[in-house]
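Here is what each chain is made of, one letter per residue.
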Amino acid sequence: MSKFGSAIFNRLVIIIPYVWLAVFFLAPFFIVLRISLSETAIAMPPYLPVFNLADGISGIVEKIGQLSTANYEFLASDALYINAYLSSLRIAVVSTIVTLMIAYPIAYGMAKAPTSIRPTLLMLVILPFWTSFLIRVYAWIAILKPEGLLNQFLLTLGVIDEPLVILNTNWAIYIGIVYSYLPFMVLPIYSSLEKMDHSLTEAAQDLGCTPISAFWRVTFPLSLPGVIAGCMLVFIPAVGEFVIPDLLGGSETLMIGKTLWNEFNSNRDWPISAAVATILLLILVVPIMFFQHAQAKADGEGK
């Protein structure tokens, strides 16, 4: 390849991710933002856009000053939406912590396992992905309902005297989220632990550290990039989760994904729905930026 061709190829490699980001993230985001600044109307689509691309650049610039933030002001003053955001964040944080507590020992055991069986263990972790996500969530209904498999098993063992009420509660949502997103936590942590030089732990123990102390001083800090990546991969989709709360949670379950669905489909209030989605996106950008900052810092320290 010539020097000129190599330069073009290097530029394309750099440009392609930005083109992808512009087409599949920025463009949809600005469409949603435009709808959120519009007014609700009985029409198709059910909103009145403040400006239209057909107006030309001068018309758009003129109407930008007429943009209204009434939808955002309404969300800020309505307790329903505030509570929905807070409830979603709480459920996502608790689910992420529980998922981490379960996933870390699994990933640690996989990294410590003989090299010959690691591919098999890895396959077992990703095996649930071979089944439809919706089918797996529906399966939990059969497990958690009062006459389901879990209650029947506990009644047979004599652990409980009457069926537990788990389905249609927040407990069912936690179980569903932890089960569904567990592989997303296991895989990044396993990747970090598998590449780690385990002789460092042995050296720490030779210098007087107990196994537990060596783990917290050496192993866990070195696995932090995987832990952070796993937490982001679980937390971000959990905040906006809709299917699991809708199928496993009760009618009183309040999460922003269900609220967004109701506004968009039942109430046909697209501007409010777009405002809800825009705020949710901005909330999720914060942990993404935190992750990128931590990743850049870790890469800098590695060099």
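A brief look at the structure comes next. (Residues numbered from 1 in each chain as written. Predicted model: local features only at pLDDT ≥ 70, side-chain atom pairs only at ≥ 80, totals over all residues. Heavy atoms only, no water.)

1. Notes on the overall build of the protein
Move 1: Looking only at helices and strands, one finds 14 helices and 2 strands in the protein.
Move 2: Expressed as a percentage of its 303 residues, the buried residues of the protein come to 35%.
Move 3: When the accessible surface of the protein is summed, it comes to about 18100 Å², and 70% of that surface belongs to carbon and sulfur atoms. (Helix = DSSP H or I, 4+ residues; strand = E, 2+ residues; numbered from the N terminus. Buried < 20%, exposed > 50% of the residue type's maximum accessible area, 1.4 Å probe, protein only. Areas by Shrake-Rupley, 256 points an atom, 1.4 Å probe, with all protein chains shown as cover.)

2. Some thoughts on the layout of surface pockets
Leftover empty space is mapped by rolling, across the atoms, a probe with the size of a water molecule.
Move 1: Quantified by volume, the second largest pocket comes out at close to 190 Å³.
Move 2: Listed by contribution, the elements that provide at least two residues to the lining of the second largest pocket are helix 1 (3-36) and helix 14 (270-302).
Move 3: In terms of residues, the lining of the second largest pocket owes the most to one element, helix 14, which gives 6 residues.
Move 4: Considering only residue class, the lining of the second largest pocket consists of 8 nonpolar, 1 polar and no charged. (1 Å grid on protein atoms, 1.4 Å probe; cavity = no way out; pocket = protein on both sides within 12 Å on 5 of 7 lines; lining within 4 Å. Points joined across faces, edges and corners; volume = space filled by probe spheres on them. Nonpolar A, V, L, I, M, F, W, Y, C, P; charged D, E, K, R; others polar.)

3. Details of helix 6 (residues 133-144)
Owing to its 3.6 residues per turn, the α-helix aligns residues three or four sequence positions apart on the same side.
Move 1: Taking 1.5 Å of rise per residue, the 12 residues of helix 6 would be expected to cover 16 Å, and the 17 Å separating its terminal C-alpha atoms lies within 8% of that figure.
Move 2: Every buried residue of helix 6 is accounted for by Arg136, Val137, Trp140, Ile141 and Leu144. Taken around the axis of helix 6, the buried residues stretch over an arc of 160 degrees, which confines them to a single face.
Move 3: Considering only its buried residues, helix 6 is in contact with helix 7 (149-157), helix 8 (170-195) and helix 12 (243-248). (Expected span 1.5 Å × (residues − 1). Arc of directions from axis to C-beta. Contact = heavy atoms within 4.5 Å.)

4. Considering unusual backbone geometry
A negative phi angle characterises most non-glycine residues, just as the trans form characterises most peptide bonds.
Move 1: Phi is positive for Asn168, close to 65 degrees, though the residue is something other than glycine.
Move 2: On the secondary structure map, Asn168 appears in the loop between helix 7 and helix 8.
Move 3: Residue classification places Asn168 among the partly exposed positions, given a relative accessible area of 47%.

5. Side note on the pattern of salt bridges
Move 1: Counted according to the given criterion, the structure contains 1 salt bridge.
Move 2: Residue Arg118 is joined to Glu194 by a salt bridge in which the shortest nitrogen-to-oxygen separation is 3.6 Å. Taken together, the positions of Arg118 in helix 5 (residues 118-126) and Glu194 in helix 8 put the pair 76 residues apart, joining distant regions of the chain. (Salt bridge = Lys/Arg side-chain N within 4 Å of Asp/Glu carboxyl O.)

6. Some remarks on the packing of helix 10 (residues 211-222) against helix 11 (residues 224-239)
Pairs of packed helices are described in terms of their axes, by the angle between the two and the distance that separates them.
Move 1: Interhelical geometry of helix 10 versus helix 11 gives an angle of 55 degrees and a closest axis separation of 4 Å. With respect to their mutual orientation, helix 10 and helix 11 come out oblique. Across from Phe220, Pro221 and Leu222 in helix 10, the residues of helix 11 making contact are Leu224, Pro225 and Val227.
Move 2: Split by residue class, the contact of helix 10 with helix 11 holds 6 nonpolar, no polar and no charged. (Axes fitted to C-alpha atoms, helices over the stretch in contact; angles between N-to-C directions. Parallel < 35°, antiparallel > 145°, perpendicular 65-115°, else oblique.)

7. A short note on helix 11
Move 1: For helix 11, spanning 16 residues, the distance from its first C-alpha to its last is 22 Å, which sits close to the expected 22 Å at 1.5 Å a residue.
Move 2: Those residues of helix 11 that fall on the buried side of the exposure criterion are Gly226, Val227, Ile228, Ala229, Gly230, Cys231, Met232, Val234, Phe235, Ala238 and Val239.

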